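An overview of the molecular structure
What follows is each chain in one-letter form.
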Amino acid sequence: MSPSTHDLPLYSDQKPVSDLENRVAYQFLFPFILNYKRMKPSLRNGAVIFVVAGVCMLAAWVFSGASPGKLAWEPPIVRKALMSFAYKVYANPEVAEGRYFLSKAVLKNTGAGPIRDLAVSYQVPDYIPWTTPEVTDALPAGSTLVKVFYPKFPDKVSRLANQTTATLEIKLQWREREGGPLKEEVLRDNFTLFGVNEVQFGDTPAEDRATWYDVYSLAPFVVCMVTPNDPVVKEYAAAITERMGGSMAGASQKVEDVIELMKATYDYMVVTGMRYAGAKGLPETIGGENQEVQTVRLPRDVILSNNGLCIELAILWASIMDQLGCESYIMMVENHAFTVVMVQGQPVPIECTAITPKAVGQENPVPFKEAYKMAVKEFQQAELKIPLSVRQLQLAGYASPELPDIDIDKIKKIIADRGNAVPHRDPVPPHPVAAQYVHPRGLISFDYPQNWQMGQPVPQIGNTFYAGDMNSKANVQLYEVPNVNDPRTAMNMIVQAIGRRGAQVSVTDTQAQGNVYFFQGNTAGPGGYFQWFGVFRAVPGGVIGITLGCPQANFEGNRALFNQIIGTVHFKQ
Amino acid sequence: MNSVQRFFFGLFVAAGFGVAIASVRAAETMQFDRTFVLDKLGDGQVTDTVHYSAKRWSIWKQQYGDRPDMLWRDMKQQLASMALVDFDLKKNDVERTMTMKISFRGGPRLRSDGASEIGVPKDMKKISDSGREWIFSAVAQDNSFEPTMMNETIRVTLPAEARNARLEQPGTAFQALVYEIPEPGRGKGMLYLGLSALIIGLALGAAGFLTGKHSAT
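Description of the structure in this document. Just so it is clear, the model here is predicted, and its values are computed rather than measured.

1. Topic: the overall build of chain A
Of the regular secondary structure elements, chain A holds 15 helices and 27 strands. Taking all 573 residues of chain A together, 40% fall into the buried category. Intrachain contacts of chain A at a sequence separation of at least 6 include 64% that bridge at least 24 residues.

2. Some remarks on helix 2 (residues 54-65) of chain B
Residues and elements named next belong to chain B. Given a rise of 1.5 Å per residue, 12 residues ought to cover 16 Å, yet the end C-alpha atoms of helix 2 are separated by just 13 Å, more than 12% below that figure. Inspection of helix 2 places Arg56, Trp57, Ile59, Trp60, Gln63, Tyr64 and Gly65 among the buried residues, and these make up the whole buried set. Along the axis of helix 2, the buried positions cluster into a sector of 165°, meaning they face one direction only.

3. Some words on unusual backbone geometry
At Ala96 of chain A, a residue that is not glycine, the phi angle is positive and equals roughly 50°. Along the polypeptide, Ala96 of chain A turns up in the loop between helix 4 (87-90) and strand 4 (103-109). For Ala96 of chain A, a count of 24 C-beta atoms within 10 Å translates into the label buried. The phi torsion at Arg96 of chain B lies on the positive side, around 55°, for a residue other than glycine. With 20 C-beta atoms packed within 10 Å, Arg96 of chain B lands in the buried category.

4. Examining the pairing of strand 22 (residues 475-482) of chain A
Residues and elements named next belong to chain A. Summarising burial for strand 22: seven of the eight residues are buried, a large majority. Counting the residues that bridge the hairpin from strand 21 (residues 463-468) to strand 22 gives six residues, and of these Lys473 lies at a positive phi of roughly 65°. Examined bridge by bridge, strand 22 and strand 26 (residues 542-551) share eight bridges and lie antiparallel to one another. Note on strand 26: the bridge partner recorded for Asn475 is Gly549.

5. Quick word on the sheet that holds strand 3 (residues 81-83) of chain A
All names here are of chain A. Spatial ordering of the open sheet is given by 3-9-8-5-6, a layout of five strands whose pairing is mixed. Edge positions in the sheet fall to strand 3 and strand 6 (134-139), since each has one partner strand and no second. Strand after strand, the sheet turns through a mean of 30° between neighbouring axes, direction not considered. Here strand 3 runs beside strand 9 (residues 182-194); their pairing, made up of three bridges, is parallel. Bridge pairing in strand 9 places Ala81 opposite Thr192.

6. Focus on helix 6 (residues 231-243) of chain A
Residues and elements named next belong to chain A. Compared with the 18 Å implied by 1.5 Å per residue over 13 residues, the 18 Å span of helix 6 between its first and last C-alpha is a close match. Among the residues of helix 6, those classed as buried are Val232, Val233, Tyr236, Ala237, Ile240 and Thr241. In the stretch just after helix 6, Gly245 is the one whose phi turns positive, near 75°.

7. Details of the sheet that holds strand 10 (residues 163-168) of chain B
Residue and element names in this part refer to chain B. Strand order across the open sheet formed by four strands is 5-6-11-10, with antiparallel pairing between neighbours. Each edge of the sheet is formed by a strand with only one pairing partner; in this case those strands are strand 5 (109-110) and strand 10. Judged from the four bridges that link them, strand 10 and strand 11 (residues 176-180) form a sheet pairing that is antiparallel. If you follow Leu167 over to strand 11, its bridge partner there is Leu177.

8. A short note on the environment of Ala538 of chain A
With respect to the helices and strands, Ala538 of chain A occurs in strand 25 (residues 528-539). Other than its neighbours up to four places away in sequence, Ala538 of chain A contacts Asn485, Asp486, Pro487, Asn515 and Val543 of chain A.

9. Points about the nonpolar core
In summary, soluble globular proteins display a tendency toward joint burial of nonpolar side chains. Residue and element names in this part refer to chain A. In this structure, Phe221, Val222, Val223, Val258, Ala314, Ile330 and Leu388 are the most contacted members of the largest nonpolar core, which totals 153 residues. The biggest single contributor to this core is helix 10 (residues 310-323), with 10 residues. Sequence-distant contacts of Val223, that is, excluding residues within four places in its chain, are made with Ile330, Leu388, Val390, Leu393, Gln394 and Tyr398. With 30 residues, the next largest nonpolar core counts Ala474, Tyr479, Ala538 and Phe555 among its residues.

Rules of the game
Residues numbered from 1 in each chain as written. Chains lettered and ligands numbered in written order. Predicted model: local features only at pLDDT ≥ 70, side-chain atom pairs only at ≥ 80, totals over all residues. Helix = DSSP H or I, 4+ residues; strand = E, 2+ residues; numbered from the N terminus. Buried ≥ 20, exposed ≤ 12 C-beta atoms within 10 Å, placed from the backbone. Contact = placed C-beta atoms within 7 Å. Expected span 1.5 Å × (residues − 1). Arc of directions from axis to C-beta. Pairing = 2+ DSSP bridges. Axes fitted to C-alpha atoms, helices over the stretch in contact; angles between N-to-C directions. Core = buried A, V, L, I, M, F, W, Y, C linked by C-beta atoms within 7 Å.

In structure tokens:
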């Protein structure tokens, strides 16, 4: 007999079924419920397999992430020498695009996993303690980390009298995997700290040098020695302006004011006995193939000793001019240096060493005007030159060092004592006016300095004669405008003709005295900015006249000469 | 200051600003273009193209154009914040144009928060950005004995993996292009599979063992 359907046991074994089992079985596991009892061993086996597989996969995941990183590096680049007076430059990564670093370390992760907690710090024993480590939490595999060091040396480094050896120590700390042991390495190298008066003009290796500029690759550092705010320089500048009854040059920025200030400075140096200190009485070599490091004193030392080399005098001049509000440049040319003051876009150079006549090949005292002319000549003739703008470079970070305190009352007394010297007089007479021009038809004649050289006239603008000083560019020009009888019309025609050749002429003043017309004006062109005045008159066949001019910067200095020449002009009646 | 800034200012020397020789004071204008391409490791290549005036071309050739070794040496000093590994220079005398390519490693600065940072000079203005490509522009002026205007354009192409690129502190001295690269390493697939297998195994175990124990009691 077969059992009825409702008597069939739910499970293959005959154990009674609980209510819970029934609820679960019917409500959730219905598709499997009939075979539950039979599946139990399989479930247990499956559970073991899944658990083991899961644990294995989790272990694989954990260990796959633990591949170690590996830190590799080459020996760090370390600058061979630092100039101690320029210690602020080396501390500033903004200067010259950060090129003046002390050291550079390139670290690379050559491992398969990231490097953790990579910390880099450095010290310079006796000068800089260990710096706060710069930490990189994770350096991915294959990545490169570059560390560049700009050490902040203390002020005391600028008191080093002589060069000394210092040591840079770089500490690296890192973990090759997260939570792994901390590794550490300290890298060391030596470098030279020059004394405060030692200037290194270039660091281009000798075998890499091809031009003069390569020798002077560090020339901008010279500007660090310009110390306009040094109390000693301030006192010296004050003595100069006091002697000239005050100066408005810095505020007005007028050419005549600046030239007056420069003349007063030059004269003050002469009067107070400032001397050029070159051993041979000639400008000394600065830098050069065999002289990469030169001793250069700071302006305060030059003032106190009352003598200096060309580069030292140029630095002193720049310091004074800057202190008095004038923009100055130190002009480095081959084997020499001098100062240029920039006013209204015009450079006014000065041969600083001319305070000692023998330095410039003279026997008698050299007046300011001649010192200016010498510098103009050097400026124009030098093919190789490096203009160092004090203002621009110091703004760019070429900062002066902090100087030790000094007994300023003592300085004042020294300067005051020197100021009691006899005032200097300009011993040089005006230019001799000896050469004479006579028009072929006798329409005009005039005298001009015999040392002026004839130049090529430009007939297209009515210019038929030219003579001038090749150095100062002061010149006299003859103009002839045919078929007109009014000098003003003639001048307009000349202005237009010059304009067509690319220069801009402005006539600023016109005055008539009878038939003679006097004009003043200026001309801006490729050759610079010139100021001039002229005298014109109608003559048979047209208008004729001359102009006398020169670069605006030295126009006032030439005015007396120009007046002399004007006084010699004769027109045909 | 780091990579882009150094590149930017480095131009002045590369362009011959370092030395003023002639005395003509009329302002000249130069054009400078730079592309800066980065990969996810911070390595990459920079390409400079500079068009010079006739006079600048003459100066530049004297200083660098005929002496690429000196230019390479100079660039390594200027671009101190990176490890430069390769250099190529091409000149076009007819167009007075030079093209310089430099490969580098370790360009952006790795910040402690994991982000990568490229300093952008304060005077550089953002022209556009399209997520990966950022364009900046500026006009620089040199006021020394050789007044010169320079129009500059810099294009920065970030790695494809870069996320959340942004310009931080724009217009300040701390202006910087910042982005993040997701940390590579363990894939999550194995983790999820393992966890799933474990859960299933535990569930099966519960069904196979716990129910039996319950019923046994």
